[in-house]
Number of protein chains: 2
Amino acid sequence: MSINVGIMGYGNLGSGVELALRTAEDMRLAAIFTRRNPANVPPHGYVPVVGANDAAKWQDSIDVMIMCGGSYNDLPEQTPRMAELFNVVDSFDTHAKIPEHFAAVDKAAKSGGHIGIISVGWDPGLFSLARTYFGAVLPDGADYTFWGRGVSQGHSDAIRRVKGVKDAKQYTVPIESALSAVRNGENPTLTARQKHLRECFVVAEEGADKAAIEHDIKTMPNYFADYDTTVHFVSREELDKNHGGLPHGGFVLRSGATGAEHEHKHVAEFSLKLDSNPEFTAGVLVAYARAAYRLQKEGQSGAKTVLDIAPAYLAAQTGEELRRTLL
Amino acid sequence: MSINVGIMGYGNLGSGVELALRTAEDMRLAAIFTRRNPANVPPHGYVPVVGANDAAKWQDSIDVMIMCGGSYNDLPEQTPRMAELFNVVDSFDTHAKIPEHFAAVDKAAKSGGHIGIISVGWDPGLFSLARTYFGAVLPDGADYTFWGRGVSQGHSDAIRRVKGVKDAKQYTVPIESALSAVRNGENPTLTARQKHLRECFVVAEEGADKAAIEHDIKTMPNYFADYDTTVHFVSREELDKNHGGLPHGGFVLRSGATGAEHEHKHVAEFSLKLDSNPEFTAGVLVAYARAAYRLQKEGQSGAKTVLDIAPAYLAAQTGEELRRTLL
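Scope of this entry: the structure provided in the associated data block. Note that the structure is predicted; figures quoted are calculated from it, not measured.

### Considerations on the overall build of chain A
Line of reasoning, step 1. Helices and strands together make up the secondary structure of chain A, namely 11 helices and 14 strands.
Line of reasoning, step 2. On C-alpha atoms alone, chain A measures out to a radius of gyration of 22 Å, which is about the 20 Å that the 2.2 N^0.38 rule sets for 327 residues.
Line of reasoning, step 3. In terms of overall dimensions, chain A has C-alpha extents of about 65 × 60 × 35 Å along its principal axes.
Line of reasoning, step 4. Considering chain A as a whole, with its 327 residues, one finds that 57% of them fall into the buried category.
Line of reasoning, step 5. Considering only residue pairs separated by 6 or more positions, chain A has 69% of its internal contacts joining residues 24 or more positions apart.
Line of reasoning, step 6. Summing over all exposed atoms, chain A offers an accessible surface of approximately 13,800 Å²; the carbon and sulfur share of this is 48%.
Line of reasoning, step 7. Here chain A holds 33 positive side-chain charges and 40 negative ones, and the gap between their average locations is 2 Å.

### Considerations on the relation of the copies chain A and chain B
Line of reasoning, step 1. At an RMSD of 0.0 Å, chain A and chain B line up after a rotation of 180 degrees and a shift of 0.0 Å along the axis. Here the transformation between the copies is reduced to the relation of a two-fold axis.
Line of reasoning, step 2. Here 98% of the contact residues of chain A are again contact residues in chain B; the copies associate through an equivalent surface.

### Topic: the environment of T23 of chain A
Line of reasoning, step 1. Relative to the helices and strands, T23 of chain A is located in the loop between α1 (12-21) and β2 (27-34).
Line of reasoning, step 2. By relative accessible area, which is 37% here, T23 of chain A ends up partly exposed.
Line of reasoning, step 3. C-alpha of T23 of chain A to C-alpha of V286 of chain A: the two residues are 263 residues apart in sequence and 9.9 Å apart in space.
Line of reasoning, step 4. Each residue touching T23 of chain A, except ones within four places of it in the same chain, is listed here: P139 and D140 of chain B.

### Some thoughts on the nonpolar core
Line of reasoning, step 1. Counting residues in hydrophobic clusters, the biggest one holds 164 residues, and the most contacted among them are M65 and Y288 of chain A together with M65 and Y288 of chain B.
Line of reasoning, step 2. Y288 of chain B has contacts with Y133 of chain A together with V89, I117, V120, L129, V306, I309 and L314 of chain B, leaving out every residue within four places of it along the chain.

### Considering the side chain of Q78 of chain B
Line of reasoning, step 1. Structurally, Q78 of chain B can be placed in helix α2 (residues 75-83).
Line of reasoning, step 2. With sequence-adjacent residues up to four places away left out, Q78 of chain B is seen in contact with M8, R35 and M67 of chain B.

### Structural notes on empty space enclosed by the protein
Line of reasoning, step 1. By the definition in use, this model includes 1 cavity of 30 Å³ or more.
Line of reasoning, step 2. Considering only enclosed or pocket space, the largest cavity measures out at about 190 Å³ in volume.
Line of reasoning, step 3. L126, L129, A130, Y133, F134 and F270 of chain A together with L126, L129, A130, Y133, F134 and F270 of chain B are the residues that line the largest cavity.
Line of reasoning, step 4. Elements supplying a minimum of two residues to the lining of the largest cavity: α4 (126-137) of chain A together with α4 (126-137) of chain B.

### A short note on the packing of aromatic side chains
Line of reasoning, step 1. This structure, assessed with the given rule, holds 11 aromatic pairs over all chains.
Line of reasoning, step 2. With a centroid separation of 5.5 Å and 75 degrees between ring planes, the pair formed by F127 of chain A and F270 of chain A is classed as edge-to-face. Placement of F127 of chain A in helix α4 and of F270 of chain A in strand β13 (residues 264-274) is noted, with a sequence separation of 143 residues between them.
Line of reasoning, step 3. Ring centres 5.2 Å apart and planes at 75 degrees place the aromatic pair W122 of chain B and F127 of chain B in the edge-to-face group.
Line of reasoning, step 4. Assessed through its relative accessible area of 0%, F127 of chain B is described here as buried.

What counts, and at which threshold
- Residues numbered from 1 in each chain as written.
- Chains lettered and ligands numbered in written order.
- Predicted model: local features only at pLDDT ≥ 70, side-chain atom pairs only at ≥ 80, totals over all residues.
- Heavy atoms only, no water.
- Helix = DSSP H or I, 4+ residues; strand = E, 2+ residues; numbered from the N terminus.
- Rg over C-alpha atoms; globule rule 2.2 N^0.38 Å.
- Buried < 20%, exposed > 50% of the residue type's maximum accessible area, 1.4 Å probe, protein only.
- Contact = heavy atoms within 4.5 Å.
- Areas by Shrake-Rupley, 256 points an atom, 1.4 Å probe, with all protein chains shown as cover.
- Lys, Arg positive; Asp, Glu negative; His and termini not counted.
- Charge placed at Lys NZ, Arg CZ, Asp CG, Glu CD.
- Least-squares fit on C-alpha atoms with pLDDT ≥ 70 in both.
- Core = buried A, V, L, I, M, F, W, Y, C linked by side-chain atoms within 4.5 Å.
- 1 Å grid on protein atoms, 1.4 Å probe; cavity = no way out; pocket = protein on both sides within 12 Å on 5 of 7 lines; lining within 4 Å.
- Points joined across faces, edges and corners; volume = space filled by probe spheres on them.
- Phe/Tyr/Trp six-rings, centres within 6.5 Å; stacked < 30°, edge-to-face > 60°.

Read these as layout, nothing more, since geometry by itself doesn't imply function.
Okay, structure coming up:
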């Protein structure tokens, strides 16, 4: 008996989920849902592509819907609505709005008798797990999260809105000396500027004022003004060739002490180095879709986050196999 | 309302737990239990030191008993017996015997209506969590665990049994080039010798045959024969001064791929660098003691491992606080 999975939204993340499901022997892709005209999604043959508005008709044939829309426009509305109909998993990542989103999904999921797991991915997600475990086992200490080296979609979009810019990619880069200080247990206090660099690759419109573009980027509040930012002008070809991917990653560290005199130092570190941010995130979503299915089978309902779910629920193996091979 | 904790066994680990409980505001050390004559344990004043045989009398005043005995002689017998009387947490680390120990604790804990969490620490423990999470989210990949640089008690004990040896400390050392190959996503196949070095510091008896000692160590099956081993003879003073601590640590890595052609590589890494192995392990035990208490309050019973427990149960914060601050 396979777990039947639906994908809602077919962008980078949705197609990542499609690929990830191929490596999950206990799961099956049942249908892809899109708000575009289904005829405009590349034909799949092996799986139906359905209009998002017809999702309700699939209630009996889908066990978990993996929500692959964006956190800004799509998920706040879509995830609660779908949680009435299906078990759902999403990657909602607007940290400040998580409590609000959790409450909305909790209400809808309970009313439908489903499980809704929100904010699944690597941050929020696996990085949140690391922060929680590390803090619980080493309470006398401090947390540090670094991101990168990787492409930030939000910052790339911000550059694209600058006058004279045709296209752009922005890399967030952790500063090695800051990372080293944390690893050495120095417990440094670090400003935004001391933790990350921002590196921008920009295709300018013909005849654009490059000095003005560079100035507009470097002084942009929230996005760049608080960081050391470098701007490289490149051709369209170079951007596509060298900056076409979506790599990312990062580091969560906790540095703490134990002992009667706090004399023993400890450092815990979790890091990711990812060639494809959406494909890796998709793998996390698929593992939590397995958990959503199992939790509902046990009779649970409501909203959950990664912090509420025991790791064994994510694994295809039985508890006995996990104890024998991974413990 | 504090969680009342007992410590069973007062060696390095037991005194580590005593220290760790000081940083847990929601927990209180109720009593220390020892099989020695309680009068021979350094007086504590603030907490009773009780003979292990009197533990049953404390059933009403202890919420969780943290088992701090050894995996070889103590825990296989003690943990099931105590699980009849209390919620228990232990650090049982004989990997091959975990299924058997789990079954014994499960039976006893269910019969007493308690929770028994076994194999808590960093390996098994946090490293098992990393292997499970990494494998679930990146199924197409390979796992690597490296230990060290740190003192292995088992290997140090093995050297002490060699003729002519007065005392010894053995360090397990991960081989940097092997670690780098894994980090680079090369997916190497590594023998025991390629992963770890063994470095021994030995105090010889006066007039002992040092060449024979070195030979006996380096050719010892299971412990040293399969590794590149170096033996340093040192004085008692040097051993105490430079090798008196119990540092340890290690690395869990998973290297895997996603994409239609497995073209995107990903590396997940979790590492620990610990000044004091027993004090860090104690911190993990205390966090899972909190979980044992909460799970039993919910009406659950039986044996659990770290794989069966949602991270939120370990943290002193509420679910709402965790979502707001750590997710």
